[in-house]
Amino acid sequence: MSFHVIPSHPLRSARTFASSLKQTTLGLSLAAALLGLGAVTNVAQAADAPACEIDRPLKFGGMNWESNLVLVEVERFIADKGYGCKSEVLPTETLPALAALERGDLDINTEIWLNSVAEPWAKAEAGGKVKRIGDIYMGGEAWFIPRYTAERLPALKSAADLPKFKDDFKDPEEPSKGRFYGCPAGWGCEVVSGNLFKALGLGDTFTLFSPGTGATQKAALTAAYQRKENVVFYYWYPTPLVGSMDLVKLELPAYDKEKHGCLTDPNCAKPEPSAYPDNPVFTAVTTQFTQDAPKLTAFLSKVAVPLPVMDQTMAYMEENEAEPDETAKWFLENQGEIWTAWLPADVAERVKAAL
């Protein structure tokens, strides 16, 4: 605030001085009134601000695939702006995240792909410390080759045909065998890929290559695709990679629930081949969390995204090279009809106001 200083001058009349002094006094009174009003407004806003049900940061599991990273940021933004909660993301992998959830080291695991961890999840749920609270979407998994590979090798139709084409997929580190790109190390899908690889008897003709991270896997597959190299690999969808490539699924034996159940078990004694079923993707939290935070639990239980919208969101991320938080903001700004349905009206309004 600046104050008008009345200069001393021999020709200034007393009336002029009094008038100026009155204006200055009025100005100070008005400023004081505005400051008081601002204080009242701040108090009112503080009174209206929601108080988080949990008085510490919420702990989200940060799996390193795109859909999970984006949905976690969507949920964190809503938890912050709508419910007054702080949060943190703890980087982890599928199976370690499940163990951390059981221990209570995580509160929320936003995306669990059931078919990748069917057996471990069943055991965890039976223990009573974790709960499945909401279904996000129905994902899918497959073994893929690029369409240009399918055109070069028209006799390659199924995963069981692969031994006859090992020389077309040479492993640079073991040229006498082909290379199959499996699931990143530590992910739940690594168990299924490994068991299915074994069930198909591919060990004599192919190496099972497990990339160190999801980013390494994506980079290797993208580079091979851009160079039009023959490549065979496991991948899941919806993902930017599957959406951006022209791919063909290799046929697998018909889905069998019992056989697939064994494929998800790290200790499966005699794996038998089975196709991947549709893969329910759901949110899980600790049982303690449901007791301590019923409002947050109600919100998270309603988080669901139609596959076409998820594909669109992943495409935005890929095309704009956007970070997860940037993609989450785009989703919130452009898919209001979806996320507002997860929330009470007052919470939705607070989130909208924060965008």
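## So, the overall build of the chain
Helix and strand counts for the chain come out as 15 helices and ten strands. For the chain, the proportion of its 355 residues judged to be buried stands at 46%. Sequence-distant contacts, at least 24 apart, represent 74% of the contacts inside the chain between residues at least 6 apart.

## Structural notes on the pairing of strand 4 (residues 130-146)
Among the 17 residues in strand 4, 13 count as buried, and that is most of the element. With eight bridges joining them, strand 4 and strand 10 (residues 279-286) adopt antiparallel strand pairing. Bridged to V130 within strand 10 is T286. In the sheet, strand 4 pairs with strand 8 (residues 232-237) via five bridges, with the strands oriented antiparallel. Residue pairing for strand 8: E141 is matched across the bridge by W236. Relative to strand 9 (residues 247-249), strand 4 is paired through three bridges, and the arrangement is antiparallel. The residue bridging I145 from the neighbouring strand is V248, located in strand 9.

## Comments concerning the state of the cysteines
The bond known as a disulfide is covalent and runs between the sulfur atoms of two cysteines. This model, assessed by the stated rule, comprises three disulfides. Each sulfur in the disulfide pair C183 and C189 lies 1.6 Å from the other. Under the relative-accessibility criterion, C189 is labelled buried at 5%. Residue pairing for C262: its cysteine sulfur links by disulfide to C268, the two sulfurs lying 1.9 Å apart. A torsion of 105° about the S-S bond marks the disulfide between C262 and C268 as right-handed. Counting only the cysteines that form disulfides, in the order they appear in the chain, gives the pairing 1-2, 3-4, 5-6.

What counts as what
Residues numbered from 1 in each chain as written. Predicted model: local features only at pLDDT ≥ 70, side-chain atom pairs only at ≥ 80, totals over all residues. Heavy atoms only, no water. Helix = DSSP H or I, 4+ residues; strand = E, 2+ residues; numbered from the N terminus. Buried < 20%, exposed > 50% of the residue type's maximum accessible area, 1.4 Å probe, protein only. Contact = heavy atoms within 4.5 Å. Pairing = 2+ DSSP bridges. Disulfide = S-S within 2.5 Å.

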